[in-house]
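Take a look at the letters that make up each chain.
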Amino acid sequence: MGIYSNSKLSTFDQCKYKFRLQYIERIRTDIQCIEAFMGSLVHDALEKLYKDLQSGKLNSKDELLEYYLRRWKEDWNDNILVVKEYANPEMYQNIGVESLLNYYDKYHPFDQLKIIGVETNEKLDLSNGDKYYVKIDRLAADDLGNYYVIDYKTNSSLKRQEELDRDRQLAMYSIWVRENYPEAKDVKLVWNFLAFNEEFSSSRTADDLVRLKLEVEDKIKEIESCNEFPTNKSKLCDYCGYKSMCHEWVGKKKIVGKGVKKQTILGDFSS
Ligand code: SF4
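Every value quoted in this text rests on a predicted model; they were computed, and no experiment measured them.

Attention now goes to the packing of aromatic side chains. Enumeration according to the criterion identifies 16 aromatic pairs in this entry. Geometrically, the ring pair formed by Tyr103 and Tyr107 is tilted, given 4.6 Å between the ring centres and 40° between the ring planes. Of this pair, Tyr103 and Tyr107 both sit in helix H5 (residues 89-107), separated by four residues, roughly a single helical turn. Judged by relative accessible area, which is 2%, Tyr103 ranks as buried. Tyr107 sits in the buried class, given a relative accessible area of 12%.

This is the structure:
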């Protein structure tokens, strides 16, 4: 039995060699691009906001910002990469600040929907015995019985509606929601593009979800029967934590560079 996640499947499609290093050889890299660092701290701040709300505490805007900036200072380290030549860490820190301020002003006092779950840690059963990791940023419901699978994005570009209508990640999560909350009238998929202060949504029919689950199961069959793990050199390599040990970039001899060490825990299912 294997455990799969959206990021695991995406990594396989992006670069099979990276997939091998990360998920088969289980080599851990501490190198992280600043976009991911900032995104994860913004996610943590919103997780705190909603988890505190669940226990009756409404964070003020200042408390939320203080949390984000304190975590930025505490977690900052030399393995964080700023790839874009024109960028600097302060610029990204400010994108996070602006995103949180705009979100706070737009949704305060955060009572539009009932909170069902925050940063879920669940697994969806697949028909071949594998599991699919379900990590929903926020699961919520309205008074009419509609459920919302809500995702925060800190991307520097918006996605087109057609892309969101084909998105695998939230649609797979919605299968788990439908199975576990059969009373849900409808399950809507919602993306908050925080840097743009924009919210987009999409939905799937029951047939769409049956087809999607089969596609994911087929993709897993392809992964499990894969014997060749070639590199896929692209502009995404600049954001890859394995670049310092990838033979496409450092010659044929594999090296273990700064920030790279053998993983001691099983897998990395971050989404
Ligand atoms: S640096 Fe590029 S080619 Fe090498 S493992 Fe990473 S994504 Fe693949």
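Anyway, onward from the coordinates.
Here we take up unusual backbone geometry. Omega for the bond connecting His108 with Pro109 falls within 30 degrees of zero, at 10°, which places this linkage in the cis form. With respect to the helices, strands and loops of the structure, Pro109 is situated in the loop between H5 and strand S5 (114-118). Located in the positive-phi region is Glu119, a residue other than glycine, with phi close to 50°. The residue Glu119 is located in the loop between S5 and strand S6 (122-125) in this model. If you check the backbone angles, Asn197 has positive phi at about 55° while not being a glycine. Mapped onto the elements of the fold, Asn197 is located in the loop between strand S10 (186-193) and strand S11 (198-202).

Here we take up the site of the ligand. Taken together, the neighbourhood of the ligand is formed by Gln14, Cys15, Tyr17, Lys18, Thr231, Asn232, Cys237, Cys240, Lys243, Cys246 and Trp249. Its residues placed into classes, the shell around the ligand shows six nonpolar, three polar and two charged.

A word on the environment of Tyr173. Among the secondary structure elements, Tyr173 is positioned in helix H7 (residues 169-180). Counting along the chain gives 121 residues from Tyr173 to Asp52, while the straight-line C-alpha distance between them is 24 Å.

Let us now look at the domain arrangement of the chain. Here the domain parsing of the chain yields domain 1 (3-31 + 221-262), domain 2 (32-111) and domain 3 (113-204). For domain 2 and domain 3, the distance between their C-alpha centres works out to 21 Å. Of the residues lining the interface, 20 residues belong to domain 2; the matching set on domain 3 comes to 16 residues. When domain 2 packs against domain 3, close to 1,500 Å² is buried across both sides, 57% of that on carbon and sulfur atoms. Counting every contact that joins domain 2 to domain 3 gives zero salt bridges. Run the count over domain 2 and domain 3 and you get eight residue pairs in polar contact (both at pLDDT 80 or more).

Next up on the list: H7. With 12 residues, H7 extends 17 Å from end C-alpha to end C-alpha; this agrees with the ideal 16 Å at 1.5 Å per step. With nine of 12 residues buried, H7 lies mostly within the body of the structure. Listed in full, the buried residues belonging to H7 are Gln169, Leu170, Ala171, Met172, Tyr173, Ser174, Ile175, Trp176 and Val177.

Once that is clear, we can look at the sheet that holds strand S8 (residues 138-141). If you walk across this open sheet you meet the five strands as S5-S8-S9-S10-S11, and the pairing is mixed. Sheet topology places S5 and S11 at the edges, where each strand pairs with a single neighbour. Each strand axis lies, on average, 25° off the axis of its neighbour in the sheet, ignoring direction. Note that S5 and S8 share four bridges and pair antiparallel. The residue of S8 that forms the bridge with Ile115 is Ala140. Of the strands in this sheet, S5, S8 and strand S9 (146-153) touch helix H3 (residues 34-54), which is tilted by about 125° from S5. Strands in contact with H7 are S8, S9 and S10; relative to S10, the strand with the most contacts, it is inclined by about 145°.

Moving on to the sheet that holds strand S1 (residues 3-4). The strand order S1-S7-S6 describes an open sheet built from three strands, whose pairing is mixed. The sheet terminates laterally at S1 and S6, the two strands that pair on one side only. With respect to the sheet, H7 is in contact with S6 and strand S7 (131-134), its orientation differing from that of S6 by roughly 85°.

Pairs may arise between side chains of opposite charge once their charged atoms sit close together. This model, assessed by the stated rule, comprises 24 salt bridges. The closest approach of N and O atoms between Lys135 and Glu119, which form a salt bridge, is 2.6 Å. Of the two residues, Lys135 is situated in the loop between S7 and S8 and Glu119 in the loop between S5 and S6; the sequence distance between them amounts to 16 residues. Its salt-bridge partner being Asp151, residue Lys153 comes within 3.1 Å of it at the nearest N-O pair.

In this section: H5. A rise of 1.5 Å per residue sets the reference length of H5, with its 19 residues, at 27 Å; its end C-alpha atoms lie 27 Å apart and thus fit the reference within 8%. Taken as a whole, H5 has its buried residues at Tyr92, Gly96, Val97, Ser99, Leu100, Tyr103, Tyr104 and Tyr107. The buried residues of H5 occupy one face: seen down the axis, they fall within an arc of 160°. Looking at the packing, one finds that the buried side of H5 touches H3, helix H4 (61-75), S8, S9, S10 and S11. Sitting at the amino-terminal end of H5 is Asn88, which places a side-chain oxygen 3.1 Å from the backbone nitrogen of Glu90.

Parameters and conventions
- Residues numbered from 1 in each chain as written.
- Predicted model: local features only at pLDDT ≥ 70, side-chain atom pairs only at ≥ 80, totals over all residues.
- Heavy atoms only, no water.
- Phe/Tyr/Trp six-rings, centres within 6.5 Å; stacked < 30°, edge-to-face > 60°.
- Helix = DSSP H or I, 4+ residues; strand = E, 2+ residues; numbered from the N terminus.
- Buried < 20%, exposed > 50% of the residue type's maximum accessible area, 1.4 Å probe, protein only.
- Near = heavy atom within 4 Å.
- Nonpolar A, V, L, I, M, F, W, Y, C, P; charged D, E, K, R; others polar.
- Domains from an automatic or database assignment.
- Contact = heavy atoms within 4.5 Å.
- Buried area = accessible area lost by both parts, 1.4 Å probe.
- Salt bridge = Lys/Arg side-chain N within 4 Å of Asp/Glu carboxyl O.
- Polar contact = N/O pair within 3.5 Å; in protein donor to acceptor, adjacent residues only side chain to side chain.
- Expected span 1.5 Å × (residues − 1).
- Pairing = 2+ DSSP bridges.
- Axes fitted to C-alpha atoms, helices over the stretch in contact; angles between N-to-C directions.
- Arc of directions from axis to C-beta.

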